[in-house]
Amino acid sequence: MELSCAMAGSAAAPPGPGPPAATGLMDSDDYESLPSGVALGTHMVAGAVAGIMEHTIMYPVDSVKTRMQSLQPDPKAQYRSVYEALKKMVLTEGFWRPLRGINVTMLGAGPAHALYFACYEKMKKSLSDIFQPGGNSHLANGIAGSAATLLHDAVMNPAEVVKQRLQMFNSPYTSVLGCVRTVQRTEGFGAFYRSYTTQLTMNVPFQAIHFITYELMQEHLNPHRHYHPQSHIVAGAVAGAVAAAATTPLDVCKTLLNTQENTALSSLKIKGHLSGMANAFSTVYQLGGVPGFFRGVQARVIYQMPSTAIAWSVYEFFKYFLTKQALEKKTS
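Residues numbered from 1 in each chain as written. Predicted model: local features only at pLDDT ≥ 70, side-chain atom pairs only at ≥ 80, totals over all residues. Heavy atoms only, no water.

**Thoughts on the packing of aromatic side chains**
Counted by the stated rule, this structure contains 16 aromatic pairs. Look at Tyr-193 and Tyr-196: their rings are 5.7 Å apart centre to centre, the planes differ by 85 degrees, and that puts the pair in the edge-to-face class. The exposure class of Tyr-193 is partly exposed, given its relative accessible area of 29%. On the numbers, 6.1 Å between centres and 15 degrees between planes, the contact of Phe-317 with Phe-321 is stacked. With Phe-317 and Phe-321 both in helix 13 (residues 297-331) and 4 residues apart, this pair spans about one turn of that helix. Through successive ring pairs, a cluster of aromatic residues spans Tyr-116, Phe-117, Tyr-120, Phe-211, Tyr-214, Trp-312 and Tyr-315. (Phe/Tyr/Trp six-rings, centres within 6.5 Å; stacked < 30°, edge-to-face > 60°. Buried < 20%, exposed > 50% of the residue type's maximum accessible area, 1.4 Å probe, protein only. Helix = DSSP H or I, 4+ residues; strand = E, 2+ residues; numbered from the N terminus.)

**Here's the deal with the pattern of salt bridges**
Scanning the model with the defined rule gives 16 salt bridges in all. For Glu-160, the salt bridge goes to Lys-163, with nearest N and O atoms at 3.0 Å. Placement of the pair is Glu-160 and Lys-163 together in helix 6 (residues 138-167), with a separation of 3 residues, close to one helical turn. For the pair formed by Glu-160 and Lys-163, the shared burial category is buried. It is possible to trace a salt-bridge network through shared partners that takes in Asp-62, Lys-65, Glu-160, Lys-163, Asp-251, Lys-254 and Arg-300. (Salt bridge = Lys/Arg side-chain N within 4 Å of Asp/Glu carboxyl O.)

This is the structure we're talking about:
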């Protein structure tokens with residue numbers, strides 16, 4: 001989702017009127033309450049597809065975001081806007097340069113989002129029954145999303161490390177396997193999880209803000225919780241933008257830990273590898289002051305708005321489609 005993020009289905013809501021089954025639609029209660037035998041698989045498949053599409057479609061902007069968060073960028077890699085960065089990357093480094101590392105992202109996004117949705121949907125239902133039986137509990141949504149992030153990031157963090165190292169300007173790595181082997185040999189397996197705690201520190205509040213904002217928007221735009229593509233797109237975009245802007249400082253620290261930006265660390269005479277969120281915060285502040293924590297905020301918001309809109313709309317579509325298929329088989 002960087003969760004990257006990833007998104008989950010809308011929370012349980014009171015059933016609303018719906019067209020008869022012959023039209024291919026279902027009422028909102030059927031849409032939200034999947035048959036017990038297929039619910040888990042439905043959410044996992046829908047989530048995996050949504051996650052892969054979200055990350056691949058917006059990947060070029062993600063590459064720009066990584067570079068714009070560089071604390072001491074090469075003079076040839078200083079950009080004033082996302083458009084300028086993409087244009088410069090294509091003209092000077094080749095047409096496919098903004099896509100380097102996309103394969104490892106796709107490899108990680110599928111299983112990470114599948115586990116995420118399965119955990120989220122299970123916890124959301126259980127907690128909602130406790131906090132607000134028969135209703136929509138924002139507290140349940142926030143807690144379930146935050147807990148599911150633990151699983152998601154455990155799978156996605158190594159992919160993030162490799163991806164961001166490949167995205168950096170003048171990266172010494174030319175392939176995913178080459179990067180993995182070099183990092184493993186020179187820094188050890190722990191390098192793939194050096195930013196894990198920072199990633200969680202960023203993604204837990206990100207997901208909490210994101211889910212709560214999405215659900216609030218849905219309450220106003222789609223109170224009956226029908227399958228309504230426009231409301232999923234708008235609510236997802238707004239939720240992604242708010243959460244992205246609020247957590248940018250943590251994303252800057254995560255990028256520093258993932259990339260181990262040599263030029264920046266050398267300027268502070270830091271030897272070895274930077275580790276730990278506290279060290280990352282201190283380093284960012286020393287190099288860029290308070291504004292340093294918001295490097296790349298424009299690219300991050302521009303990335304997250306369509307990214308989360310894509311994730312929600314794709315997830316809700318597949319949830320709707322797979323649920324409809326399951327209900328038709330159940331009644332036939």
